[in-house]
Amino acid sequence: MNIELSSMSTPSVCKLPAWITAASTLDAIRLIDLGARAGMVCQLTGIDKTNAKRLYRQIHQRPSPPGQVPFTDSWYQKSDYRMLHASLAWRLFQRYEQPDYRAARMVIEVYECYLFLVQAPWLDITHVAYVPQLMRMRIWKACVCQNCHTRYVSPTDSKGTICPGCRLYRKFRCSACGAFMGGYRKGRRKSSCSTCGEIQFQ
């Protein structure tokens, strides 16, 4: 891999430093292939930003886009789908966590498993990788849904006791009999189920 990069005709490409291990380079390549930006690759693998940008350009044939990792959870909270997928990512990180695991390898395996499990991903690799950080900073907490008893993540200051999956379910199904409700219209606070008559609150 190092020989191929050093032999390229592009003037900005030079031989990779000797301290970059083969494992770190392979992890960096896979992270970039999955959509990680150069800055995130640096943080997870330890390779310097110049070489991370070089790898990104070599793989995607364009510069790494600017931008940083998220600093708040506001983007996640804008959608129950995002919070539901964030809960899935958190559970996957718990499953893959091992003391001797490289950070980059863990993110790669969690994100690959996430993509395998979901039909339409709502999170990119950057937002998946940031989920454990939100838990470590205590911005989020682990909760148990009182409806389905599934563990999920929620903002620390949240008073809710229903997981995002159940909230989404209740938007389209009666909480009493499970009949299809057709979804809530914007601004509508409550309606009754046409099957059982149960009042449904948004």
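Residues numbered from 1 in each chain as written. Predicted model: local features only at pLDDT ≥ 70, side-chain atom pairs only at ≥ 80, totals over all residues. Heavy atoms only, no water.

## Considering the pairing of strand E1 (residues 140-144)
To keep things clear, this is the line we draw: A pair of strands is labelled paired if DSSP reports no fewer than 2 bridges between them. Secondary structure elements follow DSSP: runs of H or I no shorter than four residues count as helices, runs of E no shorter than two count as strands, and numbering proceeds from the N terminus.
Note that E1 and strand E2 (residues 151-155) share 5 bridges and pair antiparallel. The partner of Val144 across the bridge, within E2, is Arg151.

## Focus: helix H3 (residues 38-45)
Selection rule: Each residue's exposure class comes from its accessible area (1.4 Å probe, protein chains only) as a fraction of the maximum for that residue type: buried when under 20%, exposed when over 50%, partly exposed otherwise. When checking whether two residues touch, look at their non-hydrogen atoms; a contact exists if any pair is within 4.5 Å.
Inspection of H3 places Ala38, Met40, Val41, Cys42 and Thr45 among the buried residues, and these make up the whole buried set. Check the buried side of H3 and you find it contacts helix H2 (22-33), helix H4 (49-60), helix H7 (103-117) and helix H8 (125-136). Downstream of H3 by a residue or two, Gly46 has a phi angle that is positive, lying close to 90°.

## With respect to the packing of helix H6 (residues 80-96) against helix H9 (residues 164-172)
The test is simple: For helices, the axis comes from a line fit to the C-alpha atoms of the stretch in contact; other axes are also lines fit to C-alpha atoms, and the angle between any two N-to-C directions lies between 0 and 180 degrees. Note: crossing handedness is left-handed where the near helix turns anticlockwise from the far helix by less than a right angle, and right-handed where it turns clockwise.
At a minimum axis separation of 8 Å, H6 and H9 run at an interaxial angle of 145°. With respect to the hand of their crossing, H6 and H9 are arranged in left-handed fashion. Side by side, H6 and H9 meet where Asp80, Tyr81, Met83 and Leu84 of the first sit next to Pro164, Gly165, Arg167, Leu168, Lys171 and Phe172 of the second.

## Some remarks on H4
Formally: Expected span, for any helix, means 1.5 Å times one less than how many residues it has. In protein, a polar contact means a hydrogen-donor-capable atom and an acceptor-capable atom, both N or O and within 3.5 Å, with residues adjacent in sequence counting only if both atoms are side-chain atoms; elsewhere, any N or O pair within 3.5 Å suffices.
For H4, with 12 residues, the first-to-last C-alpha span of 16 Å sits near the 16 Å given by 1.5 Å per residue. For H4, the complete set of buried residues consists of Asn51, Ala52, Arg54, Leu55 and Tyr56. Regarding H4, its N-cap is Asp48, as a side-chain oxygen of that residue lies 3.0 Å from the backbone nitrogen of Thr50 further along. Two residues or fewer past H4, Gln61 is found with a positive phi of approximately 60°.

## Considerations on unusual backbone geometry
The residue Gln61 is not glycine, and still its phi comes out positive at about 60°. Mapping Gln61 onto the fold places it in the loop between H4 and helix H5 (74-77). Taking the relative accessible area as the measure of exposure, Gln61 reaches 61% and is therefore exposed.

## Some words on the side chain of His127
Relative to the helices and strands, His127 is located in helix H8. Within the structure, His127 has its side chain in polar contact with the side chain of Asp124 (distance 2.8 Å).

## Focus on the packing of aromatic side chains
Under the convention used in this document: Pairing of aromatic rings covers Phe, Tyr and the six-membered ring of Trp, with a centre-to-centre limit of 6.5 Å; geometry is then stacked below 30 degrees between planes, edge-to-face above 60, and tilted otherwise. Two conditions define a charge sitting above a ring: the NZ of Lys or the CZ of Arg must be within 6 Å of the ring centre, and it must be within 35 degrees of the ring normal.
Under the criterion given, the structure shown has 4 aromatic pairs. One aromatic cluster is present, built from ring pairs that chain together Trp75, Tyr76 and Trp140. When the ring centre of Trp75 is taken as reference, the NZ or CZ atom of Arg82 above it lies at 3.9 Å.

## Quick notes on a nonpolar patch on the surface
Selection criterion: A residue counts toward a patch only above 30% relative accessible area and without a salt bridge, and it is joined to like-charged neighbours within 9 Å or, for Val, Leu, Ile, Met, Phe, Trp and Tyr, to nonpolar neighbours within 5 Å. Note that accessible areas follow from Shrake-Rupley with a 1.4 Å probe, and for residues the cover is restricted to the protein chains shown. The rule for a salt bridge is simple: a side-chain nitrogen of Lys or Arg has to be within 4 Å of a carboxyl oxygen of Asp or Glu.
Among the surface-exposed residues, Tyr81, Trp122 and Phe172 lie close enough to one another that they form a single nonpolar patch of about 280 Å² accessible area. Assignment of secondary structure puts Trp122 in the loop between H7 and H8.

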